Amino acid sequence: MLKIALTQLKPVADKDISLRNIEYYSGIAAANSSDLIVFPEYYMFYSPYRDTVIKNSEPLNGNYVRRLKEISRNSKISIIAGINEVYDGNYYDTAVFIQDGELSNYYRKSHLYDAFGYKESDIYTYGNGPFKISRIAGINFGMLICYDIRFPEVFRNYSMNDADMIVLISAWFAGTMKEEQWLSLVSVRALENTVYLATSNMVGGGFTGITSFTDPIGAIRTRAAEDEDVIYATVDTERIAAVRKKMPVLRQRRPELYKL
């Protein structure tokens, strides 16, 4: 069984402030017996300007990730956070998983937010995963980022590779019907894959919030409201097994009929 802390925080523009906040909330989550704490997309720093992203992004072996490792070791908690990564001259919107003070996994956003009048690909390069399953406290999970939620294929890829949970970090822009879309998507992605879906979302500064934790049957178990918050939840493999016994959709697939 895994206890997870999901943060809902305002965007920051300064990496030092980001790290101080991560250290603070990691300490609180560890004191509440959490195994894992999750921070939003872009939480290293947020800027809509390419020049700022280019100036402040770091590689996976840079100072920011090094400090995340230190915080994980000192707080005795694993961390998932969104960083602005530079690699081989390209800039990626990346999630990192720090476990036991080491970089255990990373994921580069595969589907960039070129929609609703915004063009994320003007700043970032499309990532190609990797879609690697991580494991903590007996739970297998995959990582995704924000706009990925609109693409069911990546969720099904994880669920068919033994994921119990998907962690999705986000900076979901506010707008007409955007809150309703988010709530619908977190519910249906968990339901159709019979997995837990844990999200950590930005709030304020044009972002919706609605950090949430959704059950394998699609019920939102807990969520944050309009302010900064930390919510706690438990991932239980017995619950996953019970839902999949009632609703064995993963076994009932007929992929020979589907052309994707």
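Preceding this paragraph is the structure being described.
A.B. asks: Where do I start with the overall build of the chain in this structure?
C.D. replies: Regarding its fold elements, the chain presents seven helices and 16 strands. On C-alpha atoms alone, the chain measures out to a radius of gyration of 17 Å, which is about the 18 Å that the 2.2 N^0.38 rule sets for 260 residues. Projecting the C-alpha coordinates of the chain onto the three principal axes gives extents of approximately 50 × 40 × 35 Å. The buried share of the chain, reckoned over its 260 residues, is 52%. Of all intrachain contacts in the chain linking residues separated by at least 6 positions in sequence, the fraction that spans at least 24 positions is 68%. Element-wise, carbon and sulfur atoms account for 49% of the exposed surface of the chain, whose accessible area totals about 11,400 Å².

A.B. asks: What am I meant to see in the packing of helix α1 (residues 15–31) against helix α3 (residues 63–75) here?
C.D. replies: Helix packing for two helices is described by the angle between their axes and how far apart those axes are. It is at 10 Å that the axes of α1 and α3 come closest, and there the two elements cross at 20 degrees. When the axis of α1 is compared with that of α3, the two are roughly parallel. Every pair of crossing elements has a handedness; the one defined by α1 and α3 is right-handed. Across the interface between the two elements, Lys15, Ser18, Leu19, Ile22, Glu23, Ser26, Gly27 and Ala30 from α1 touch Tyr64, Arg67, Leu68, Ile71 and Ser75 from α3. Partitioned by chemical class, the residues of the contact of α1 with α3 number six nonpolar, four polar and three charged.

A.B. asks: Even after reading the chapter, I still don't get the nonpolar core, so can you show me in this structure?
C.D. replies: What tends to happen in soluble globular proteins is that the nonpolar side chains get buried as a cluster. Among the nonpolar cores identified, the biggest contains 42 residues, and Ile4, Ile80, Ile149 and Met165 are the most heavily contacted of them. Apart from residues lying up to four places away in sequence, Met165 is in contact with Leu2, Ile4, Ile139, Asn140, Phe141, Gly142, Val195, Tyr196, Ala198 and Val235. By size, the runner-up hydrophobic cluster in this structure holds 38 residues, among which are Ala5, Ala29, Tyr46 and Met202.

A.B. asks: Even after reading the chapter, I still don't get the packing of helix α4 (residues 152–159) against helix α5 (residues 178–193), so can you show me in this structure?
C.D. replies: For the pair α4 and α5, interaxial distance at closest approach is 10 Å and the crossing angle is 40 degrees. As for how α4 packs across α5, the hand of that crossing is right-handed. Of the residues in α5, those touching α4 at Pro152, Phe155, Arg156 and Ser159 are Arg189, Glu192 and Asn193. Counted by class, the contact of α4 with α5 contains two nonpolar, two polar and three charged residues.

A.B. asks: Help me understand α1, please; the structure alone is not making it clear to me.
C.D. replies: An α-helix turns once per 3.6 residues; consequently, residues spaced three or four apart project the same way. Over its 17 residues, α1 extends 24 Å from the first C-alpha to the last, a length consistent with the 24 Å expected when each residue adds 1.5 Å. The complete set of buried residues in α1 reads Ser18, Leu19, Ile22, Tyr25, Ser26 and Ala29. Seen along its axis, α1 keeps its buried residues to an arc of 140 degrees; they face one direction. Every exposed residue of α1 that faces more than 90 degrees away from the buried side is listed here: Arg20, Tyr24 and Ala31. Where α1 is buried, its residues contact β1 (2–8), β2 (36–38), α3, β3 (78–87) and β16 (229–235). Measuring from the backbone nitrogen of Asp16 back to the side-chain oxygen at the start of α1 gives 2.8 Å, which picks out Asp14 as the cap. Of the residues one or two after α1, Ser33 is the one with positive phi, at around 65 degrees.

A.B. asks: Sorry, what's going on with unusual backbone geometry here?
C.D. replies: Excluding glycine, a negative phi dihedral is what most residues carry, and trans is how most peptide bonds are arranged. Geometrically, the link from Gly129 to Pro130 is a cis peptide bond, its omega value of 0 degrees lying close to zero. With respect to the secondary-structure elements, Pro130 resides in the loop between β7 (118–119) and β8 (134–136). One non-glycine residue, Ser33, lies in positive phi territory at about 65 degrees. Relative to the assigned elements, Ser33 resides in the loop between α1 and β2. Overall, the relative accessible area of 54% leaves Ser33 in the exposed class. In this structure, Ala137 takes a positive phi of about 50 degrees despite not being glycine. Secondary-structure assignment places Ala137 in the loop between β8 and β9 (139–145). Classification of Ala137 by relative accessible area gives partly exposed; the value is 39%.

The rules we used
The residue numbering used here restarts from 1 in each chain and proceeds along that chain's sequence as written. For a predicted model such as this one, the threshold for reporting local features is a pLDDT of at least 70, and the threshold for listing and counting side-chain atom pairs is 80 or more; totals across whole chains, interfaces and linings nevertheless cover every residue. Excluding hydrogens and water, the side-chain figures rest on all heavy atoms present in the structure. A run of H or I in DSSP counts as a helix once it spans at least four residues, and a run of E counts as a strand once it spans at least two, with each numbered from the N terminus. Between the two quantities, the radius of gyration covers C-alpha atoms and the globule rule is 2.2 Å times the number of residues to the power 0.38. Throughout this description, buried means an accessible area under 20% of the type-specific maximum (1.4 Å probe, protein chains only), exposed means over 50%, and partly exposed covers the range between. Between two residues, a contact is recorded if the distance between any of their heavy atoms is within 4.5 Å. Calculation of accessible area relied on Shrake-Rupley with a 1.4 Å probe; when residues are assessed, cover is drawn exclusively from the protein chains displayed. Only the stretch in contact is used when a helix axis is fitted, and all axes are lines through C-alpha atoms; the angle between N-to-C directions ranges over 0 to 180 degrees. Reported orientations rely on four angle classes, namely roughly parallel under 35 degrees, roughly antiparallel over 145, roughly perpendicular from 65 to 115, and oblique for the rest. Here a crossing is called left-handed whenever its near helix is offset anticlockwise from the far helix by less than a right angle, and right-handed whenever the offset is clockwise. Lys, Arg, Asp and Glu make up the charged group, whereas Ala, Val, Leu, Ile, Met, Phe, Trp, Tyr, Cys and Pro make up the nonpolar group; the residues left over, Gly among them, are polar. Buried Ala, Val, Leu, Ile, Met, Phe, Trp, Tyr and Cys residues form a nonpolar core when they are joined through side-chain atoms within 4.5 Å. To estimate the expected span of a helix, count its residues, drop one, and scale the result by 1.5 Å. Taken from the helix axis, the directions to the C-beta atoms give the arc we talk about. N or O atoms within 3.5 Å of each other form a polar contact, as long as, within protein, one can give a hydrogen and the other can take it, and as long as residues adjacent in sequence are counted only when both atoms are side-chain atoms.

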